[in-house]
Amino acid sequence: MANNELRMGGLTPRDHAFYGLVWAGTTLTARVDQALTRRHDLPLSWFEVMLWLHAQDEPVAPSELGARTLLSRSQVSRVADSLQARGLIERIPSPTDARSVCVALTEAGRRAFAEADATRREALAEVFDDRLDDQDIAALGAVWGKLKARPQG
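Now for a description of the structure that goes with this document. These numbers come from a predicted model, not from an experiment. (Residues numbered from 1 in each chain as written. Predicted model: local features only at pLDDT ≥ 70, side-chain atom pairs only at ≥ 80, totals over all residues. Heavy atoms only, no water.)

### Some points on the packing of helix α2 (residues 44-54) against helix α5 (residues 107-129)
Point 1. Put simply, α2 and α5 touch, their axes get as near as 10 Å, and they point 115° apart. As for the relative orientation of α2 and α5, their crossing is left-handed in sense. Counting all contacts with α2, which are made through Phe47, Met50, Leu51, Leu53 and His54, the residues of α5 involved are Gly109, Arg110, Ala112, Phe113, Ala116, Asp117 and Arg120. (Axes fitted to C-alpha atoms, helices over the stretch in contact; angles between N-to-C directions. Helix = DSSP H or I, 4+ residues; strand = E, 2+ residues; numbered from the N terminus. Left-handed = near helix turned anticlockwise from the far one by under 90°. Contact = heavy atoms within 4.5 Å.)

### Looking at the environment of Ser77
Point 1. Locating Ser77 in the fold gives a position in helix α4 (residues 73-85).
Point 2. With 65 residues separating them in the primary sequence, Ser77 and Ala142 have C-alpha atoms 32 Å apart.

### A few points about unusual backbone geometry
Negative phi characterises most residues that are not glycine, and trans characterises most peptide bonds.
Point 1. One non-glycine residue, Asp41, lies in the positive phi region at around 50°.
Point 2. If you trace the backbone, Asp41 turns up in the loop between α1 (13-40) and α2.

### Comments concerning α2
Point 1. Residues of α2 that are buried: Trp46, Phe47, Glu48, Val49, Met50 and Leu53.
Point 2. On its buried face, α2 sits against α1, α3 (62-68), α4, β1 (89-93), β2 (101-105) and α5. (Buried < 20%, exposed > 50% of the residue type's maximum accessible area, 1.4 Å probe, protein only.)

### Observations regarding the nonpolar core
Point 1. Residues Leu42, Val49, Met50, Leu53, Leu65, Leu83 and Ile89 are the most contacted members of the largest nonpolar core, which totals 23 residues.
Point 2. Looking at which element gives the most residues to this core, the answer is α2, with 5 residues. (Core = buried A, V, L, I, M, F, W, Y, C linked by side-chain atoms within 4.5 Å.)

### Description of the pattern of salt bridges
Point 1. Across all of its chains, the model carries 7 salt bridges by this definition.
Point 2. One salt bridge in this structure joins Glu64 and Arg68, with 3.7 Å as the shortest N-O distance. Of this pair, Glu64 and Arg68 both sit in helix α3, 4 residues apart, which is roughly one turn of the helix.
Point 3. Relative accessible area serves as the criterion here: at 38%, Glu64 is assigned to the partly exposed category.
Point 4. Arg68 sits in the exposed class, given a relative accessible area of 52%.
Point 5. Two residues, Arg91 and Asp81, come together in a salt bridge whose shortest N-O distance is 2.8 Å. Of this pair, Arg91 sits in strand β1 while Asp81 is found in helix α4, placing the two residues 10 residues apart along the sequence. (Salt bridge = Lys/Arg side-chain N within 4 Å of Asp/Glu carboxyl O.)

### Considerations on the packing of α1 against α5
Point 1. For the pair α1 and α5, the least separation of the axes is 9 Å and the interaxial angle reads 140°. Classed by the angle they form, the pair α1 and α5 counts as oblique. The hand of the α1/α5 crossing is right-handed. Packed against α1, whose contacting residues are Leu28, Arg31, Val32, Ala35, Leu36, Arg39 and His40, the element α5 presents Glu115, Ala116, Thr119, Arg120, Glu122, Ala123, Leu124, Glu126, Val127 and Phe128 at the interface. (Parallel < 35°, antiparallel > 145°, perpendicular 65-115°, else oblique.)

In structure tokens form, the structure reads like this:
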């Protein structure tokens, strides 16, 4: 039987760069999601919400999380419900709007986040950290900065 490798043809260097980003994002995301789910029963979407909450000094409106994460407003609400059911976040009345609530990590949530973040780092060590030096990381940071910048005009 012939060894027929699939390959992409007729793509420009920009096409290859784009598909490389897609491949890297998909592959690394799947790896982290599997590790977090297996070890902590914590899907990556939950971890992402916890990541944003972990960095905040004050409770955050769920709409802010929706604007910052890669999740829709309804997904953030479902994730918040699940995290609250596990005692990892708490809902607190908004200090500025009596009809709204804010969310914050509980102490159990902070501990769970720290454990999950260690798992994330471990899952990425061999396929990301060990392969990229500081110069590579700086180059990626510059690329992400350009891609995330809002177009002027």
